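This is what each chain is made of:
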Amino acid sequence: MRHKIKAKAMEIAKNPNTQKVILSMKPQKNLWGISGVVLFMIAPEIIAYIWGADITQYAKNELLTAHDFLEQKYYEFLVMLFEDGMSWFNLVFGVALLVWLFF
């Protein structure tokens, strides 16, 4: 069973379509590619690490006095986003994309 899985994984890895898909995922080596990786993958995790508890406490306090539906959903989203702190997976994935960008 193990050999079958390993053989299938090797077959998928050597497939030219798989290699095209992987290359198409690579960010562009320009200002937008770099800033996209930094702004959408790395910066939110750093913000969550530094100010996550403060943002969560603020959102919970404001949630008590939210007046309309959108305001309530906004504060619930902030709590959901920053409640658990930073995601090591997203941070490592963002750094890996940034390293991959330059190679």
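Check the entry above for the structure.
Here the structure is a predicted model, which is why all the values come from computation and not from measurement.

## Here's the deal with the overall build of the protein chain
In terms of regular secondary structure, the protein chain is built from five helices and zero strands. Helices and strands in the protein chain line up, N terminus first, as α-α-α-α-α. Taken over C-alpha atoms, the radius of gyration comes to 20 Å for the protein chain, far larger than the 13 Å a tight globule of 103 residues would show. For the protein chain, buried positions account for 20% of its 103 residues. When contacts within the protein chain are restricted to residue pairs at least 6 apart in sequence, those whose partners lie at least 24 apart make up 65%. Counting only carbon and sulfur atoms, one obtains 69% of the accessible surface of the protein chain, whose full area is about 8,400 Å².

## Quick word on the pattern of salt bridges
Tallying each qualifying case throughout the model produces three salt bridges. The partner of Lys60 in a salt bridge is Glu83, with the nearest N and O atoms 3.9 Å apart. Residue Lys60 is found in helix H3 (residues 31-63), and its partner Glu83 is found in the loop between helix H4 (69-82) and helix H5 (88-101); the two are separated by 23 residues along the sequence. In this structure Glu83 comes out as partly exposed when scored by relative accessible area, which is 45%.

## A look at the packing of aromatic side chains
Evaluation of the coordinates by the stated rule reveals three aromatic pairs. Relative to Phe93, the ring of Phe89 lies with its centre 6.0 Å away and its plane at 10°, an arrangement referred to as stacked. In this pair, Phe89 and Phe93 are both assigned in helix H5, four residues apart and thus about one turn of the helix distant. Owing to a relative accessible area of 61%, Phe89 belongs among the exposed residues under this scheme. With relative accessibility at 37%, the residue Phe93 sits in the partly exposed group. Members of the aromatic cluster, joined through ring pairs, are Tyr58, Tyr74 and Tyr75.

## Some points on the environment of Ile47
Tracing the backbone through its elements, the reader meets Ile47 in helix H3. Separated by 53 residues in the primary sequence, Ile47 and Trp100 place their C-alpha atoms 23 Å from one another. Dropping the residues within four chain positions of it, Ile47 is found in contact with Gly52, Ile55 and Phe82.

Calculation criteria
- Residues numbered from 1 in each chain as written.
- Predicted model: local features only at pLDDT ≥ 70, side-chain atom pairs only at ≥ 80, totals over all residues.
- Heavy atoms only, no water.
- Helix = DSSP H or I, 4+ residues; strand = E, 2+ residues; numbered from the N terminus.
- Rg over C-alpha atoms; globule rule 2.2 N^0.38 Å.
- Buried < 20%, exposed > 50% of the residue type's maximum accessible area, 1.4 Å probe, protein only.
- Contact = heavy atoms within 4.5 Å.
- Areas by Shrake-Rupley, 256 points an atom, 1.4 Å probe, with all protein chains shown as cover.
- Salt bridge = Lys/Arg side-chain N within 4 Å of Asp/Glu carboxyl O.
- Phe/Tyr/Trp six-rings, centres within 6.5 Å; stacked < 30°, edge-to-face > 60°.

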